[in-house]
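Report on the structure
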Amino acid sequence: MSLHPMSRRLMAPDITAMKRVKPIIALTSYHAHTAAIADKYCDFLLVGDSLGMVMHGFETTVPVTLDMMIMQGRAVVRGAKRALVAVDMPFGSYEESPSVAFRNAARVMKETDCGAVKLEGGRRMAETTRYLVDRGIPVMGHIGLTPQSINVIGGFKTQGRTRDQWAAIEEDARALADAGAFAIVLEALATPLAARITEQIAIPTIGIGASSACDGQILVMEDMLGLSPRVPKFVKKFGAVATAIEDAIRAYAEDVSERRFPALEHTYAMKDETEERPSPSPQVTKKPKKLGT
Ligand code: KIV
């Protein structure tokens, strides 16, 4: 598996230059430890506003705030040394006007030290994209299913499954590419449409539920690890982390309950203590309580 050939951190133009050269590998990440692992394999990490659903248990991404994005963005930038880190602009932080978007995106860049931001929306975000790019903020677009618009769309619905929807979505992609976006996420898009868009535009398409026709792929890390309880059809589970966590927690609970943990090697003796440790307290002989009920 390829690690980054470059020793410096990747930047937005490096991602753009990967189109038709190599498949672009990306994952979401919200914390330093998983970022450090994913950094070895990914070209970019996205601090997605999906963190609202994955980490905080919200039903949608709508309640996510700029402060939440900045806090997790900082953690990911600290954990990842080579991958580009892009941070999602949350709902309400950029739609009002290009200048509001600039103020908030500049805050994200300054406070997290990330290398790019992501905005949802096609043609309606083209002016804002141009405004940010002209002022030094690399922008990744996001079209197809745009979860921040869930209340208008009426659900997490696949886009472009009928041909009459294609022209508008293709125009969205072209408008963002013309406005200077360095890549575009295509979410939950019918395969032939994702292939057409990928052919038509000069910047990479990053698919999530948009087929292998895209120039790169991204998944929500907790989904592909097998940690999320429910995942969309387009997710392949590459791990069974929820099961591994439950097995470990069950074993811990049993060990604590039966006083097998902590054992001698997990404890601190006095510095001058030479004799044997005292035998366990009489409680140890008590029958352990039944677990999980
Ligand atoms: O927030 C997120 O995780 C995303 C991905 C779906 C691309 O935007």
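Look up: the structure comes first, before these words.
Position numbers for residues count from 1 along each chain, tracking the sequence in the order it is written. Restriction of local features to residues with pLDDT of at least 70 applies here, the model being predicted, together with a cutoff of 80 or more for giving and counting side-chain atom pairs; totals for whole chains, interfaces and linings are based on all residues. As a rule here, side-chain values cover all heavy atoms of the structure and leave hydrogens and water aside.

**Describing the layout of surface pockets**
Two kinds of site are reported from a 1 Å grid over the protein atoms alone, namely cavities, where a 1.4 Å probe fits but cannot get out, and pockets, open sets with protein on both sides within 12 Å along at least five of seven lines, and residues are called lining when an atom falls within 4 Å of a point. Grid points are joined across faces, edges and corners, and a volume is the space filled by probe spheres set on the points. In this structure, the largest pocket spans a volume of roughly 1200 Å³. In this structure, the largest pocket is lined by 43 residues; those nearest its centre are Phe-156, Glu-187, Asp-223, Pro-232 and Phe-234. In terms of residue class, the lining of the largest pocket is made up of 21 nonpolar, eleven polar and eleven charged. Within this model, the second largest pocket holds a volume of roughly 640 Å³. Taken together, 29 residues make up the lining of the second largest pocket; nearest its centre are Leu-27, Gln-217, Leu-219, Met-224 and Phe-238. Ten residues, namely Ala, Val, Leu, Ile, Met, Phe, Trp, Tyr, Cys and Pro, are considered nonpolar, four, namely Asp, Glu, Lys and Arg, are considered charged, and the remaining ones, Gly among them, are considered polar.

**Description of the nonpolar core**
Counting 72 residues, the largest nonpolar core has Phe-44, Leu-45, Val-117, Leu-186 and Ile-197 as its most contacted members. It is helix H4 (residues 66-79) that contributes the most residues to this core, six residues altogether. The residues contacting Leu-186, other than those within four sequence positions of it, are Ile-143, Ala-194, Ile-197, Thr-198, Thr-205, Ile-206, Gly-207, Ile-208, Ala-210 and Cys-214. Among the buried residues, those of types Ala, Val, Leu, Ile, Met, Phe, Trp, Tyr and Cys that are joined through side-chain atoms within 4.5 Å form a nonpolar core. Under the scheme applied here, a residue whose accessible area is under 20% of the maximum for its type counts as buried, over 50% as exposed, and between as partly exposed, the area being computed with a 1.4 Å probe on protein chains only. In DSSP terms, a helix is any run of H or I states spanning at least four residues, a strand is any run of E spanning at least two, and both are numbered starting from the N terminus. Only heavy atoms matter for contacts: two residues are in contact if any of them lie within 4.5 Å across the pair.

**Topic: the state of the cysteines**
The term disulfide is used for any two cysteine sulfur atoms that are within 2.5 Å. All chains considered together, the criterion is met by zero disulfides. The thiol sulfur of Cys-42 is not disulfide-bonded, and the nearest other cysteine sulfur, from Cys-214, lies at 16 Å. Its relative accessible area of 8% is what places Cys-214 among the buried residues.

**Quick look at the site of the ligand**
Here a residue is near a molecule or strand as soon as one of its heavy atoms is found within 4 Å of it. In the vicinity of the ligand, the residues found are Thr-28, Leu-46, Gly-48, Asp-49, Ser-50, Asp-88, Lys-118, His-142, Val-185, Glu-187, Ile-208 and Val-220. The side chain of Asp-49 places a nitrogen or oxygen atom 3.0 Å from an oxygen atom of the ligand. Side-chain polar atom of Asp-88 to an oxygen atom of the ligand: 3.1 Å apart, as the coordinates give it. Each accessible area value is a Shrake-Rupley result obtained with a 1.4 Å probe; residue values ignore everything except the protein chains displayed when judging cover. Relative to its unbound accessible surface of 260 Å², the ligand loses 95% to contact with the protein. Taking a 2 Å distance to the grid points as the criterion, the majority of the atoms of the ligand fall inside the largest pocket. The class makeup of the residues in the shell around the ligand is four nonpolar, four polar and four charged. Two N or O atoms form a polar contact when they lie within 3.5 Å of each other; inside protein one atom must be a possible hydrogen donor and the other a possible acceptor, and for residues adjacent in sequence the pair counts only when both atoms belong to side chains. Those molecules having more than half of their atoms within 2 Å of a cavity or pocket grid point set are described as sitting in that cavity or pocket.

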